[in-house]
Amino acid sequence: MDRLNKYLAHAGIGSRRKCEALINAGRVTVDGATVRELGTKVDPGKQRVAVDGQPVRVEGPAYWLLNKPRGYLCTTYDPAHRPLALDLVPQINQRVYTVGRLDEASEGLLLLTNDGELANRLMHPRFGVEKTYLAQVVGSPTADDVRQLLKGVWLSDGHVRVRNIKRERKSGDSTWMRIILNEGKNREIRRMLARLGHKVLRLRRIAIGPINLGALPLGKARRLKGPEVAALQQVAERARGKEPERA
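For clarity, every value in this text was computed on a predicted model and none was experimentally measured.

1. Observations concerning the nonpolar core
Core analysis: the largest hydrophobic core is formed by 30 residues, its most contacted members being Leu-112, Ile-179, Ile-189 and Met-192. Put simply, the parts of the chain that give this core at least two residues each are strand 7 (63-68), strand 9 (107-113), strand 10 (131-138), helix 4 (143-151), strand 11 (153-155), strand 14 (174-181), helix 5 (188-195) and strand 15 (200-208). Once residues lying within four places of it in the same chain are set aside, the contact partners of Met-192 are Leu-149, Val-153, Leu-155, Val-160, Arg-161, Val-162 and Leu-181. Membership of the second largest hydrophobic core comes to 20 residues, among which are Leu-118, Leu-122, Leu-216 and Ala-236.

The structure is reproduced here in structure tokens:
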């Protein structure tokens, strides 16, 4: 017997918290009956579970790494029919989704999985999992700029700062910077640097926690290896220790 929220998370519906919200909203049924009790347990082999009337089936776990090109969206549907990152991985048989997002103009490392609990712990800001980027910016950020980014700047949705930052190299009138974040606000790096007068020309994510992009060609994907999945799960377990107790 599995707890209902755990079963839904393992089926790729979302994180356990999201699944709890679905249960509270009365959107989950077991054998046709609406269930609102969070402690409900189910027997997947004998009972029928559905969300919004759609049957839920647990698929085998899937963990993939994609090198996303610019111009692709990290969503499962776009009404304007723009290219989707998921279009690049037709070989994946399971229903997967992206772990966090890279905006349309950004490129680089994107994790794809159906493990909702792991995805949530890797990307939620409160868990502090590090993400590493290379950013090509206009001009040459000064030492004061670097100190300010480490100290933090105010954006419309709050105070943000980088975990670490260093100059990599000059490229004509621009500079490549290596930036580490442990947050994840929308377009955070672009907005922080714009506040200091440095437009981002290119932005490439090269690592999430212990997983590096390596030499994977642009637009290509590969399965994560067993040790890589184990390393991500270890990071997620450390993140679990940072989660506040719920009443």
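We are not done yet, so read on.
2. Observations concerning the sheet that holds strand 3 (residues 33-34)
Pairing is antiparallel across the open sheet formed by four strands, whose spatial order is 3-2-5-6. Sheet topology places strand 3 and strand 6 (54-55) at the edges, where each strand pairs with a single neighbour. Direction of pairing for strand 5 (residues 49-51) relative to strand 6: antiparallel, over a ladder of two bridges. Note on strand 6: the bridge partner recorded for Ala-50 is Pro-55.

3. Quick look at the pattern of salt bridges
Counted under the stated rule, the structure contains 15 salt bridges. Between Glu-107 and Arg-204 there is a salt bridge, and its shortest N-O distance comes to 3.8 Å. With a gap of 97 residues between them, Glu-107 in strand 9 and Arg-204 in strand 15 connect regions that are remote in the sequence. Accessibility expressed as a relative area gives 5% for Glu-107, which makes it buried. Its salt-bridge partner being Glu-117, residue Arg-121 comes within 3.0 Å of it at the nearest N-O pair. Of this pair, Arg-121 and Glu-117 both sit in helix 3 (residues 116-123), four residues apart, which is roughly one turn of the helix. For Glu-117, a relative accessible area of 11% gives the class buried. Here the residues in one salt-bridge network are Arg-70, Glu-107, Arg-202 and Arg-204, joined through shared partners.

4. Some points on helix 4
Of all the residues in helix 4, the buried ones are Asp-145, Val-146 and Leu-149. Looking down the long axis of helix 4, one finds its buried residues gathered within 100° of arc, a one-sided arrangement. Summarising the geometry of helix 4, the exposed residues directed more than 90 degrees from the buried face are Asp-144, Arg-147 and Lys-151. Against strand 13 (164-171), strand 14 and helix 5 lie the buried residues of helix 4.

5. Let's talk about helix 3
With respect to burial, helix 3 is a largely interior element, eight of its eight residues being buried. Here helix 3 has its buried residues at Gly-116, Glu-117, Leu-118, Ala-119, Asn-120, Arg-121, Leu-122 and Met-123.

6. What to know about unusual backbone geometry
Backbone geometry places Asp-31, a non-glycine residue, at a positive phi of 55°. By the secondary structure assignment, Asp-31 is in the loop between strand 2 (28-30) and strand 3. Positioned with a positive phi, Asp-52 is a non-glycine residue whose angle comes to about 55°. When you line up the elements, Asp-52 lands in the loop between strand 5 and strand 6.

7. Considering the pairing of strand 13
Both faces of the sheet carry side chains from a regular strand, because those side chains alternate between them. Where strand 13 meets strand 14, seven bridges bridge the pair, whose relative direction is antiparallel. By the bridge assignment, Ser-171 is partnered in strand 14 with Ser-174. Adjacent in sequence and paired antiparallel, strand 13 and strand 14 are bridged by two residues, among which Gly-172 carries a positive phi angle near 65°.

8. Remarks on the environment of Arg-222
Looking at the secondary structure, you find Arg-222 in strand 17 (residues 221-223). Among the residues examined, Arg-222 registers a relative accessible area of 24% and is labelled partly exposed. Put simply, Arg-222 and Asn-24 are 198 residues apart on the chain and 37 Å apart in space, counted from C-alpha to C-alpha. Leaving out residues up to four positions away in the same chain, Arg-222 has contacts with Trp-64, Leu-65, Asn-212, Leu-216 and Glu-228. A distance of 2.8 Å separates a polar atom in the side chain of Arg-222 from a polar atom in the side chain of Glu-228.

Criteria and thresholds
- Residues numbered from 1 in each chain as written.
- Predicted model: local features only at pLDDT ≥ 70, side-chain atom pairs only at ≥ 80, totals over all residues.
- Heavy atoms only, no water.
- Core = buried A, V, L, I, M, F, W, Y, C linked by side-chain atoms within 4.5 Å.
- Buried < 20%, exposed > 50% of the residue type's maximum accessible area, 1.4 Å probe, protein only.
- Helix = DSSP H or I, 4+ residues; strand = E, 2+ residues; numbered from the N terminus.
- Contact = heavy atoms within 4.5 Å.
- Pairing = 2+ DSSP bridges.
- Salt bridge = Lys/Arg side-chain N within 4 Å of Asp/Glu carboxyl O.
- Arc of directions from axis to C-beta.
- Polar contact = N/O pair within 3.5 Å; in protein donor to acceptor, adjacent residues only side chain to side chain.

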